[in-house]
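# Fold and contact review
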Amino acid sequence: DEWHAWTENRHRDTYSALTTGSASKKNPMTIKISTQASDLYSLAGEEFEFAKRVKNRIVNGKLITTGDFDRPSYLSVLYYLPSDAKWQDERLWYE
């Protein structure tokens, strides 16, 4: 959690150190969870943009089969409101 706050180059180094070591494992797994990043150039922002383009992703509970590329080993599950939504509107919290 709080991955959205990783916005500096030193965070990229830390992330790389945490994930590249798993390549030696037979079935490596990385799980990322965070609130949406306001900085689209942060690690979480870049991952969010990537995840929105993967085929067979889950967006707000619905399977989306279209996308720019297929990545069978990548499970993209996203829950978010449109960027122009008023997050203070409690009716939207349950969508």
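Fair warning: this is a prediction, and the values are worked out from it, not measured in the lab.

### Quick notes on the overall build of the chain
Scanning the chain for helices and strands turns up 2 helices and 3 strands. For the chain, the N- to C-terminal ordering of α and β elements is α-α-β-β-β. Counting only C-alpha atoms, the chain reaches 45 × 30 × 20 Å along its principal axes. Of all 95 residues assigned to the chain, the portion counted as buried reaches 19%.

### Brief notes about the packing of aromatic side chains
On inspection of all chains with the given rule, the structure shows 3 aromatic pairs. Judged by centre distance (5.0 Å) and plane angle (85°), the ring pair of phenylalanine 48 and tyrosine 80 falls under edge-to-face. In this pair, phenylalanine 48 is assigned in helix H2 (residues 43–51) and tyrosine 80 in the segment after strand E3 (77–78), connecting sequence segments 32 residues apart. According to the relative accessible area criterion, phenylalanine 48 is buried, its value standing at 12%. Ring geometry for phenylalanine 50 and phenylalanine 69: centres 5.0 Å apart, planes at 35°, overall tilted. Here phenylalanine 69 lies in the loop between strand E2 (62–64) and E3 and phenylalanine 50 lies in helix H2, a separation of 19 residues in the sequence.

### Let's talk about unusual backbone geometry
In this structure, asparagine 56 is a non-glycine residue whose phi angle is positive, near 60°. Within the element layout of this structure, asparagine 56 appears in the loop between H2 and strand E1 (57–59). Looking at asparagine 56, the relative accessible area reads 41%, which means it is partly exposed. Here the phi dihedral of asparagine 60 falls at roughly 50°; this positive angle occurs in a residue that is not glycine. Within the fold, asparagine 60 resides in the loop between E1 and E2.

Definitions and cut-offs
Residues numbered from 1 in each chain as written. Predicted model: local features only at pLDDT ≥ 70, side-chain atom pairs only at ≥ 80, totals over all residues. Heavy atoms only, no water. Helix = DSSP H or I, 4+ residues; strand = E, 2+ residues; numbered from the N terminus. Buried < 20%, exposed > 50% of the residue type's maximum accessible area, 1.4 Å probe, protein only. Phe/Tyr/Trp six-rings, centres within 6.5 Å; stacked < 30°, edge-to-face > 60°.

In short, shape yes, function no, at least from these values alone.
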